[in-house]
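Working through the structure, step by step
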Amino acid sequence: MASLYSNRTLAGNIALVVFLAFLVTITLGMVPTASAADLDFDSSLEWQGTSADGPGAVIQDKDDDWQASEATVETNRSADEVTFTIQVLTSADFENIFFQIVKDGTVINTVYYDDTGIQSAVYNDVYGTVYSVYQLVYDWVYDSGLDVDNDYTLYVYSDDVQIASITLDLEEPPPEGGGGGGGGGTTAPSTETTAETETTAEGDLQAGGTQTATVTSEGEASVTLAVDSAAVEEQITSSQVEQVVFSVPSEVTTTEGVLAVTQAAVQVPADTIAKVFEAGKPAVVKLAGVELKLPPAAFDLTAMKDQGVQLSFNVSKVAEGTVPSPGAATYKIAGEVYSIEIRAEQDGIDKGGISSMSKPITLSLPYDPAKVSSGSALGIFRLTDGVWEPLGGTVDPVTHMVSVTRSSLSTYTVMSVPAAFSDTTGHWAEDSIKELVVLGALAGYPDGTFRPDSQITRAEFAKVLVEAFKLSADAGKIFADTADHWAKDYIATAAACGVVKGYSDTQFGPDDLITREQMAVMVVRAAGLETSNGIAFTDNSQISGWAAEAVAVASANGIITGYSDGTFKPKADASRAEAATVVIRALQK
């Protein structure tokens, strides 16, 4: 892989000296991220390597001194992230530099210039036109924590040549100072720290403030972050700030040690959130592993402005034994159960919760990969009236998060659902099929197959839409040929919601195979998508007049695509795999 990098073209001229800041920021921004201007070149440094033709590197230790062969660097307090800075002297192109992190002779990570782990790359000219400063922000995070008892080795390469080998001695930061002695009370002391407000290299504003951690009787932590609103409001108008992040970590260090956070809250004035929205920025709230991304105008704050209203974003972990078991014996809870709410307070009086959103927010929950069995799919489930309701979700296997969009908040968890079929492994629609299985909208056959390339009927597709889009209606049309059909209720619901229509007032054709143009019409109606200019297929003239607009909308939104020869094939029968794919794509719109 390294050889590929040696042949890449760098956009722009690279000067002789390149600074690489290899930074990892802790969750609450307790360690300020260095900007390009903060990195000072020291021409007196003794570099590894013999000459400019054999360049080398140095690393800054915890005391801000530069070391050529070994440096002591500190982790954050939860020992799962580390921050350090490297200066690299090389005449090679910037993109030809890469790193390896090695522990006990085993490479645990290789990091390239455009690796997905690199959060940003920033460069500015310094000292006229001779030198350039390069800053790479890379997340070095392990769920299980870093091993501070063993050394790591950082190897720096350029053009496939090792230019430096630096030993990293990791150690935990000094313990926070505890309070003085006291009586024999049973209330555990709280720990308060103040986080600076900063702008990260990604263009995110890390909203700091005062963090208070109180130890519970179970030896866990309840943490509240009171946001520094003045600092936030001062910076949100910057064009460099893309979103504002309010965060509480999943673990904190108190006088009792490193404790898991079971209750987390971010307290911020409604006026501050309003100003974030007015600036056109999303607000991202990270609470003990849970993430809420609120788009501008996610909820109406008009009545709260200038009223001294405080908003509290709250997350509480719910003991698994206190909630109903998954509906099916094969379903397994694959993470924590979280109760999530947003409440308003005025003059110390609770004014109630914000029960619904004007615009959907993105909810992301963590899951434990150790609780996910092979062949299973993951999805978020909501607890409603004592029953777990599947919501589906997009899985990120790197961050171990599952995300869905929501218009209200409740109690949620991630569940693992068996979704292994003997004939879908490696199939182009495998991921979409798994997502629909999690939603309970589509199932396999008793013999363990899914038959992705088999056709699907109009009745079956109507059922998929009703289940996937959670359609409901008190009553719907019963066609003459659906009165005794197994899908009668699904078809009636779809008809009542305006998703399906029959061939006539009496005929629906439930067992007819659904065509691609029929599928386009139904899914566009279910998703509520509006008219848009679509793709000009070579066989547009073969698309029925009643389906032309829906095909255009579906193609414009990337829900249904054509074939490699430029055709749409409107009259062709749709397959189960195609049905799964278009429904998942429509759900994501």
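Rules used in this analysis
- Residues numbered from 1 in each chain as written.
- Predicted model: local features only at pLDDT ≥ 70, side-chain atom pairs only at ≥ 80, totals over all residues.
- Heavy atoms only, no water.
- Axes fitted to C-alpha atoms, helices over the stretch in contact; angles between N-to-C directions.
- Helix = DSSP H or I, 4+ residues; strand = E, 2+ residues; numbered from the N terminus.
- Parallel < 35°, antiparallel > 145°, perpendicular 65-115°, else oblique.
- Contact = heavy atoms within 4.5 Å.
- Left-handed = near helix turned anticlockwise from the far one by under 90°.
- Nonpolar A, V, L, I, M, F, W, Y, C, P; charged D, E, K, R; others polar.
- Core = buried A, V, L, I, M, F, W, Y, C linked by side-chain atoms within 4.5 Å.
- Buried < 20%, exposed > 50% of the residue type's maximum accessible area, 1.4 Å probe, protein only.
- Pairing = 2+ DSSP bridges.
- Phe/Tyr/Trp six-rings, centres within 6.5 Å; stacked < 30°, edge-to-face > 60°.
- Lys NZ or Arg CZ within 6 Å of the ring centre and 35° of its normal.
- Polar contact = N/O pair within 3.5 Å; in protein donor to acceptor, adjacent residues only side chain to side chain.

The N-to-C vectors of helix α4 (residues 430–438) and helix α9 (residues 576–587) enclose an angle of 70°; their axes lie 8 Å apart at closest approach. With respect to their mutual orientation, α4 and α9 come out roughly perpendicular. For the pair formed by α4 and α9, the contact residues are S432, I433, E435 and L436 on the first element and A580, T581, V583 and I584 on the second.

Take the packing of helix α5 (residues 458–468) against α9 next. It is at 11 Å that the axes of α5 and α9 come closest, and there the two elements cross at 30°. One element, α5, and the other, α9, form an angle in the roughly parallel class. Classified by chirality, the crossing of α9 by α5 is right-handed. Contact residues: F461, V464, L465 and A468 in α5; A579, V582, V583 and L587 in α9. Among the residues making up the contact of α5 with α9, the classes are represented as eight nonpolar, no polar and no charged.

Grouped together as the largest cluster of nonpolar side chains are 65 residues, with contacts concentrated most on L436, F461, L465 and V583. Secondary-structure elements contributing two or more residues to this core are β27 (376–384), β31 (411–418), α4, α5, α6 (488–496), α7 (516–527), α8 (545–556) and α9. Among residues more than four places away in sequence, those in contact with L465 are K470, L471, V499, M522, V523, A526 and V583. Counting 59 residues, the second largest nonpolar core, distinct from the first, contains V252, F277, F299 and A334.

Ordered in space as β4-β11-β10-β6-β7, the five strands form an open sheet in which the pairing is mixed. One side of each edge strand has no neighbouring strand; the edge strands of this open sheet are β4 (70–74) and β7 (106–111). On average, each strand axis in the sheet is tilted by 30° relative to the strand beside it, whichever way the strands run.

Here we take up the packing of aromatic side chains. Here the distance between the centres and the angle between the planes together describe a pair of aromatic rings. Taken as a whole and assessed by the stated rule, the structure comprises five aromatic pairs. With 5.5 Å between their ring centres and 35° between their planes, F479 and F508 make a pair best called tilted. Within this pair, whereas F479 is found in the loop between α5 and α6, its partner F508 is found in the loop between α6 and α7, the two being separated by 29 residues in sequence. The same class applies to F479 as to F508, namely buried. Its guanidinium or amino end placed over the ring of F508, R458 lies 4.3 Å from that ring's centre, counting from NZ or CZ. Over the face of the ring belonging to Y490 we find K463, whose NZ or CZ atom lies 5.5 Å from the ring centre.

Attention now goes to the pairing of strand β16 (residues 221–227). Of the two faces of β16, the one holding A221, V223, L225 and V227 is buried and the one holding S222, T224 and A226 is not buried anywhere. In this structure, strand β15 (residues 209–215) lies alongside β16, joined through seven bridges in antiparallel fashion. Each bridged residue has a counterpart across the sheet, and for T212 the counterpart in β16 is T224. In textbook terms, the turn of a hairpin is the stretch between consecutive antiparallel strands, and for β15 and β16 this stretch comprises five residues, one of which, G219, has a positive phi near 80°. The pairing of β16 with strand β19 (residues 257–269) spans six bridges and is classified as parallel. By the bridge assignment, S222 is partnered in β19 with Q263.

Our next topic: the side chain of T413. Summarising the element assignment, T413 is placed in strand β31. Judged by its relative accessible area of 0%, T413 falls in the buried class. At 2.9 Å, the side chain of T413 and the backbone oxygen of E336 are in polar contact. Not counting residues up to four positions away in its chain, the partners in contact with T413 are I333, G335, E336, V337, L365, G379, I380, F381 and W388.

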